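Residue-level structural notes
Here is how the chains run, residue by residue.
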Amino acid sequence: MRLSLHIGWYAIRDVARNRWGLLYTAFFLVVTVGLFQLQAQSAKVAVSLMSICLFLIPLVSSLFGTIYFYNSREFVELVLTQPVNRRTVYFGMFCGLGASLVAGFILGVGLPYLFFMTISQEQLLSLLLLLAVGSFLTVIFLAISFLLATILDDRGKGLAAILGVWLFTALVYDGLVMLATMAFSDYPLETPLLIAVVTNPIDLARVTLLVQTDWAALMGYTGAVFNRFFGTSLGVSIAVVALCLWIVTPVLIGLRQFRHKDL
Amino acid sequence: MIEISNLHKRFSKFVALHDVSLSIKRGSVTGIIGPNGSGKSTLIKCLLGLVNPTSGTITINGSVLDGACDYRQSIGYVPQIARFPQDLTGNEIIDIVKGLRKEPATLERELVERFDLRHELAKRTRALSGGTRQKLSMVLAGMYDPELLILDEPTAGLDPVSNIRLKQFIADHRDQKRTVLVTTHIMSDLDEMADEVVIIIDGRIRFAGPIRELKLQTGELRLEVAVARLLEREAA
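Presented here is an overview of the structure given in this document. Just so we're clear, the structure is a prediction, and the values are computed from it rather than from any experiment. (Residues numbered from 1 in each chain as written. Chains lettered and ligands numbered in written order. Predicted model: local features only at pLDDT ≥ 70, side-chain atom pairs only at ≥ 80, totals over all residues. Heavy atoms only, no water.)

**Some words on the overall build of chain A**
Across its full length, chain A holds 11 helices and zero strands. For 263 residues, the compact-globule formula gives about 18 Å, and the C-alpha radius of gyration of chain A, at 19 Å, lands near that figure. Principal-axis analysis of the C-alpha atoms gives chain A an extent of 55 × 50 × 30 Å. Out of the 263 residues belonging to chain A, those deemed buried represent 52%. Long-range pairs, those at least 24 residues apart, make up 79% of the contacts in chain A between residues at least 6 apart in sequence. About 12,000 Å² of surface is accessible on chain A, with carbon and sulfur atoms providing 69% of the total. Separation of charge centres in chain A, based on 15 positive and 12 negative side chains, amounts to 11 Å. (Helix = DSSP H or I, 4+ residues; strand = E, 2+ residues; numbered from the N terminus. Rg over C-alpha atoms; globule rule 2.2 N^0.38 Å. Buried < 20%, exposed > 50% of the residue type's maximum accessible area, 1.4 Å probe, protein only. Contact = heavy atoms within 4.5 Å. Areas by Shrake-Rupley, 256 points an atom, 1.4 Å probe, with all protein chains shown as cover. Lys, Arg positive; Asp, Glu negative; His and termini not counted. Charge placed at Lys NZ, Arg CZ, Asp CG, Glu CD.)

Here's what the structure looks like:
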């Protein structure tokens, strides 16, 4: 673990100086400040921000993770010629990059939020929820990008695959669920819809917010079903466990692939 | 020092190494040569544990390679392409490697001086030339005074002064009874540095032995010509 943290620490330093990493933080900073300038109520800002986060965080984390992994290939090989095992290197890189992107997001959104929002327990909770869900999405899509970059040696194929995953989970999936719902509207659909929500991390993130807030603007059909059937606390518990599984599963598969991979 | 027996490596349908058996003595400088795609890098990567052999065994310093990483304590490696995280400095790259090891990097200062890197290490690696990055790789590879030094095309991109210093560095290693394994396409470099040569073609070893024996066999004085003569005979 010490060696993973050591590798992770230097990945953080690398990303902290990287212009794309800085641009990512600056983007959220500018967008959040801009939204507060346009809308006085922090609840409305939160809704707009969440829409942006659900769409953009998976895309940026996926691309950043994939490109970083491919760019680090030669250096990873060099590190692996030291007396250190592959699990340590993979996990260290993942943790370092994850921490950097999460910190960038939290700073970009959190700082202006704290500055502009009206101080109340409700507002603070909504901010924390926004940051937590954004962080989950960051780490989930980073884990998926590392997994795909581990499996696919070709950079072009890796980027195409991760973009495909993002396109499917962010855009296509809900459309398919909606079509299926309409096609089978005569049947009881609660359970299939629950499964459909759990199998898409972006929907899961959306649902986690829905069950805690009244951000109706975010209500996709799947989210509404989830909210109606499970109520607040149970719904959140299931969603959080599922979000954690969405991190753990690709990380474990990626680690396994990386351990046996020819570099 | 290194014993390779019946090493076989297959990538999907492509067989990179065919039943390779080889013995490399302690304290020798051995050059591995062969055309592009002949299996040189695969062989080196097998030794480093970066590529998993399909079958066969490799023993380094008495340890049979079985997926454990401790044996790499005694290995220094200079890759063909020196690429580092671009926004870290040379000093930070050295610190990463030092953090992965327990023992002190006894030769760090000496190598930094030898390769004239003192003023370059504070810069981010994106600002370093290819040759300077290659020299940084050599510092990383040599700073623990490894028993086995593996260099993959080390002279590519080096200026003449650094080239001479590299050769001296390899000669010093040999004098201290360390083992050096080097791949290169530059035969004159090899003639100067190496005692032994291994010629790999299409994943098979065509010759392994002292350079003088190869020259004797082919009746040529220059290594370059001797290798060409051997390849002609193979083709005929």
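Picking up after the structure, the text goes on.
**Focus: the pairing of strand 2 (residues 14–24) of chain B**
Relative to strand 2 of chain B, strand 1 (residues 2–11) of chain B runs antiparallel, the two being bridged by seven bridges. The residue bridging Arg-10 of chain B from the neighbouring strand is Val-15 of chain B, located in strand 2 of chain B. (Pairing = 2+ DSSP bridges.)

**What to know about the environment of Ser-21 of chain B**
Residues and elements named next belong to chain B. Mapped onto the elements, Ser-21 comes out in strand 2. Taking the C-alpha atoms as reference, Ser-21 lies 4.2 Å from Ser-5; in sequence the two are 16 residues apart. Ignoring anything within four residues of it in the chain, the contact list for Ser-21 reads Ile-4, Ser-5, Asn-6 and Ile-205. A polar contact is formed between the side chain of Ser-21 and the backbone nitrogen of Asn-6, at a distance of 2.9 Å. (Polar contact = N/O pair within 3.5 Å; in protein donor to acceptor, adjacent residues only side chain to side chain.)

**Overview of the nonpolar core**
Judged by nonpolar contacts, the single largest core of 146 residues is most densely connected at Tyr-113 of chain A together with Ile-60 of chain B. No other element matches the 15 residues that helix 6 (residues 121–151) of chain A contributes to this core. Look past the residues within four positions of Ile-60 of chain B in its chain and what remains in contact with it is Met-1, Ile-2, Leu-47, Leu-65, Tyr-71, Ile-75 and Leu-148 of chain B. If you look at the next biggest cluster of nonpolar residues, it comprises five residues, including Tyr-173, Val-177, Leu-193 and Ala-196 of chain A. (Core = buried A, V, L, I, M, F, W, Y, C linked by side-chain atoms within 4.5 Å.)

**Observations concerning the environment of Ser-28 of chain B**
Residues and elements named next belong to chain B. Among the secondary structure elements, Ser-28 is positioned in the loop between strand 2 and strand 3 (29–33). A relative accessible area of 6% places Ser-28 in the buried class. Distance from Ser-28 to Arg-114, taken between C-alpha atoms, is 22 Å for residues 86 residues apart in sequence. The residues touching Ser-28, leaving out its near neighbours within four places in the chain, are Arg-178, Thr-179, Val-180, Asp-195 and Glu-196.

**As for the packing of aromatic side chains**
One pass over the structure, following the stated rule, counts 16 aromatic pairs over all chains. Judged by centre distance (6.5 Å) and plane angle (10 degrees), the rings of Phe-64 of chain A and Tyr-68 of chain A are stacked. Note that Phe-64 of chain A and Tyr-68 of chain A are positioned in helix 3 (residues 42–71) at a spacing of four residues, about one turn of the helix. The pair formed by Phe-64 of chain A and Tyr-68 of chain A is uniform in burial state, with each residue classed as buried. One aromatic cluster is present, built from ring pairs that chain together Phe-69, Tyr-90, Phe-94, Phe-146 and Phe-258 of chain A. Across from the ring centre of Tyr-144 of chain B, 4.4 Å away, lies the NZ or CZ of Arg-101 of chain B, which sits over that ring. (Phe/Tyr/Trp six-rings, centres within 6.5 Å; stacked < 30°, edge-to-face > 60°. Lys NZ or Arg CZ within 6 Å of the ring centre and 35° of its normal.)

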